[in-house]
Amino acid sequence: MESILEAITSGDASPADFAALAVPESYRAVTLHKDEEQMFAGLDSRDKDPRKSLHLDDVPVPELGPGEALVAVMASAVNYNTVWSSIYEPVSTFSFLERYGKLSPESARHNLPYHVLGSDLAGVVLRTGPGVHAWKPGDEVVAHCLSVELESSDGHNDTMMDPEQRIWGFETNFGGLAELALVKSNQLMPKPAHLTWEEAASPGLVNSTAYRQLVSRNGAGMKQGDNVLIWGASGGLGSYATQYALAGGATPICVVGSEAKADICRAMGAEAIIDRSAEGFKFWKDENTQDPREWKRLGGRIRELTGGEDVDIVFEHPGRETFGASVYVTRKGGTIVTCASTSGYMHQYDNRYLWMSLKRIVGSHFANYREAWEANRLIAKGKIHPTLSKTYRLEETGQAALDVHHNSHQGKVGVLCLSPAEGLGVRDEELRAKHLPAINRFKGE
Ligand SMILES: NC(=O)c1ccc[n+]([C@@H]2O[C@H](COP(=O)([O-])OP(=O)(O)OC[C@H]3O[C@@H](n4cnc5c(N)ncnc54)[C@H](OP(=O)(O)O)[C@@H]3O)[C@@H](O)[C@H]2O)c1
């Protein structure tokens, strides 16, 4: 691994130099162990501690298949799917690996008694498999997390519709929280040159998801002037949704859970902010009964902030706790676009407010390659910025996941893999200098 790192940090190694490097037989990776699937049985979600379930192991390097690339991972990031995997909720991710393993001899490689997690990476291509011509050893890359087979016709208009669509490092093995990762070559995208490894690794999953969910015609298709209610506006998804709303001429109405998070939204340029903790919003009277008066209070606050207007789009992901309110506050003909259910997936809302006011609920999930590419291109051009707040070492991934699990983080949390320190990997200092305050916004610098 030393010689790989040396070649990357030297900055002048050629594709031939990279191709000549020996690939080690094993690598360090953050794993779950299949024989620990039941370790948290009976505990409340909050008490399930990722530091206990996430291990740092030496695992064998997987065989490289057709259409694939082996990448030296300089940095990765924690996503909420890392939290779901590490607490074995709502299901153990080993069930995904078992199902995938039945598909083909190639996919059978993924069904192992350990699961290497991680759905983001920034690094350097080491090897490419047969049939890969667009990428070569030495290319500095980031990877999006859409894994597709595309043998069915279903996915050929929009690859998210492939019946064998999976999220890499969550529903497949050999993810990015490791020194090496195995990806399909159609997951690769150029690393933004003005960012460090850890900054470049952090947008991937959430940036692409927010782009499809809010901007793409496959999602809400936001337009100039729209009012967009964004739950968790300084969190992983929300920190990108807020930027897309601002950059696209819309007005974000940012909902956050603390004053510090409100400050970050203001720093991004948002003006309409609702602190759900300080303002005491409580949409449920008890576990089974919602409180429509609270929906109305939220609607009233939105009108105060918008000069009397309702929201065109609600950017939904908290799920059960907020969904009734989201459907209520959307304007006539507006869209509730949802990609998750963090607080529970059995949603309840008053359907009269949906059908009588001709609203639409749109389901959205990750992004196709093109959408991920467009989202990454905006990062590379300095139009959208990473929201990295804190970076951990690979050994500390459990703590990083715990921070996200307990919602004590801002934006995205990064993880150094092969990179020995933060701050490395910048190739375009001029573009970086232009955007430095925005790049550092979430780091509190
Ligand atoms: N389908 C997909 O492709 C996809 C992609 C990415 C993420 N997701 C899912 O989306 C969810 C959010 O991901 P993320 O990366 O944005 O996570 P995150 O960084 O934890 O941010 C979510 C934010 O939502 C807010 N929130 C949490 N629970 C809430 C509740 N009960 N009511 C209101 N607000 C609440 C919190 O902000 P405040 O406390 O400041 O309000 C939190 O910071 C997760 O469930 C994740 O698995 C899905």
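This one's a predicted model, so the numbers in the text were calculated from it and none came from an experiment.

**Student:** So what about the sheet that holds strand β2 (residues 55-60)? Which residues, and what values?
**Tutor:** Taken in spatial order, the 3 strands make up an open sheet running β2-β1-β4, and their pairing is antiparallel. Across the chains shown, the open sheet's two edge strands, defined by having one partner strand only, are β2 and β4 (114-116). Looking at each pair of strands side by side, their axes are set apart by 60° on average, direction ignored. Note that strand β1 (residues 26-33) and β4 share 3 bridges and pair antiparallel. Counted as the bridge partner of Leu 32 is His 115 from β4. Along the sheet, helix α5 (residues 94-101) makes contact with β1 and β4, crossing β4 at roughly 95°.

**Student:** An account of the nonpolar core is needed here, citing residue identities and associated values.
**Tutor:** Leu 121, Leu 188 and Tyr 244 are the most contacted members of the largest nonpolar core, which totals 106 residues. When near neighbours in sequence (up to four residues on either side) are disregarded, Tyr 244 contacts Asn 207, Ala 210, Tyr 211, Leu 214, Val 215, Met 222, Ala 375, Leu 378 and Ile 384.

**Student:** I'd love a proper account of the packing of aromatic side chains, names of residues and values included.
**Tutor:** Taken as a whole and assessed by the stated rule, the structure comprises 10 aromatic pairs. When the centroid spacing of 6.4 Å and the interplanar angle of 80° are considered together, the rings of Trp 295 and Tyr 353 count as edge-to-face. Of this pair, Trp 295 sits in helix α11 (residues 292-306) while Tyr 353 sits in helix α13 (residues 351-355), placing them 58 residues apart in sequence. Exposure remark for Tyr 353: the relative accessible area of 27% places this residue in the partly exposed category.

**Student:** Hey, could you go over helix α8 (residues 204-215) for me, with residue numbers and the actual values?
**Tutor:** The end-to-end C-alpha separation of α8 is 16 Å, in line with the 16 Å expected for 12 residues at 1.5 Å each. When you tally the buried positions in α8, you get 11 out of 12 residues, the bulk of the element. Those residues of α8 that fall on the buried side of the exposure criterion are Gly 204, Leu 205, Val 206, Asn 207, Ser 208, Thr 209, Ala 210, Tyr 211, Arg 212, Gln 213 and Leu 214.

**Student:** Please give an account of a positive patch on the surface that cites residues and values.
**Tutor:** On the surface, Arg 377, Lys 381, Lys 383 and Lys 434 cluster together into a patch of positive charge. Turning to its location among the elements, Lys 434 is positioned in helix α16 (residues 429-439).

**Student:** Go over the sheet that holds strand β16 (residues 311-316) with me, naming the residues and quoting the values.
**Tutor:** Strand order in the open sheet formed by 6 strands is β13-β12-β11-β16-β17-β18, and the pairing between neighbours is parallel. Bordering the open sheet on either side are β13 (272-275) and β18 (360-363), each of which pairs with just one other strand. Averaged over all pairs of adjacent strands, the angle between their axes in this sheet comes to 20°, without regard to strand direction. Strand direction decides the pairing type here: strand β17 (residues 330-338) and β18, joined by 4 bridges, are parallel. Across the sheet, the residue bridging to Ile 336 is Ile 361, located in β18. Lying on the sheet, helix α12 (residues 320-329) is in contact with β11 (227-230), β16, β17 and β18; it crosses β17 at an angle near 145°.

**Student:** Run through empty space enclosed by the protein, naming residues and quoting values.
**Tutor:** In total, this model carries 2 cavities of 30 Å³ or more according to the counting rule given. In this structure, the largest cavity encloses a volume near 70 Å³. In terms of lining, the largest cavity is formed by Glu 68, Tyr 100, His 110, Ser 147, Trp 168, Thr 172, Asn 173, Leu 182, Val 183, Lys 184 and Gln 187. In terms of residue count, the dominant contributor to the lining of the largest cavity is strand β9 (residues 180-184) (3 residues). Together, Val 142, Ala 143, His 144, Met 189, Ala 200, Pro 203, Gly 204, Asn 207, Ser 208, Ala 372, Asn 376 and Ile 379 line the second largest cavity. Within the residue set of the lining of the second largest cavity, elements represented by two or more residues are β6 (140-143), α8 and α14 (369-380).

**Student:** Describe the site of the ligand, and please don't skip the residues or the numbers.
**Tutor:** In the vicinity of the ligand lie 25 residues, with Gly 257, Arg 276, Thr 342, Phe 366 and His 409 positioned nearest. Contact between the ligand and Lys 261: an oxygen atom at 3.5 Å from a side-chain N or O atom of the residue. Within the side chain of His 409, a nitrogen or oxygen atom sits 2.7 Å from an oxygen atom of the ligand. Computed on the free molecule, the ligand has an accessible area of 910 Å², of which 90% lies beneath the protein chains in the complex.

**Student:** So what's going on with the pairing of β9? Which residues, and what values?
**Tutor:** In terms of burial, β9 is a largely internal element, 5 of the 5 residues being buried. Here β9 shows two buried faces, one formed by Leu 180, Leu 182 and Lys 184 and the other by Ala 181 and Val 183. Relative to β9, strand β3 (residues 68-78) is paired through 5 bridges, and the arrangement is antiparallel. Each residue of the ladder has a partner; that of Ala 72, found in β9, is Leu 180.

Basis of the calculations
Residues numbered from 1 in each chain as written. Predicted model: local features only at pLDDT ≥ 70, side-chain atom pairs only at ≥ 80, totals over all residues. Heavy atoms only, no water. Pairing = 2+ DSSP bridges. Helix = DSSP H or I, 4+ residues; strand = E, 2+ residues; numbered from the N terminus. Axes fitted to C-alpha atoms, helices over the stretch in contact; angles between N-to-C directions. Contact = heavy atoms within 4.5 Å. Core = buried A, V, L, I, M, F, W, Y, C linked by side-chain atoms within 4.5 Å. Buried < 20%, exposed > 50% of the residue type's maximum accessible area, 1.4 Å probe, protein only. Phe/Tyr/Trp six-rings, centres within 6.5 Å; stacked < 30°, edge-to-face > 60°. Expected span 1.5 Å × (residues − 1). Patch = residues over 30% accessible without salt bridge, like charges linked within 9 Å, V, L, I, M, F, W, Y side chains within 5 Å. Areas by Shrake-Rupley, 256 points an atom, 1.4 Å probe, with all protein chains shown as cover. Salt bridge = Lys/Arg side-chain N within 4 Å of Asp/Glu carboxyl O. Lys, Arg positive; Asp, Glu negative; His and termini not counted. Charge placed at Lys NZ, Arg CZ, Asp CG, Glu CD. 1 Å grid on protein atoms, 1.4 Å probe; cavity = no way out; pocket = protein on both sides within 12 Å on 5 of 7 lines; lining within 4 Å. Points joined across faces, edges and corners; volume = space filled by probe spheres on them. Near = heavy atom within 4 Å. Polar contact = N/O pair within 3.5 Å; in protein donor to acceptor, adjacent residues only side chain to side chain.

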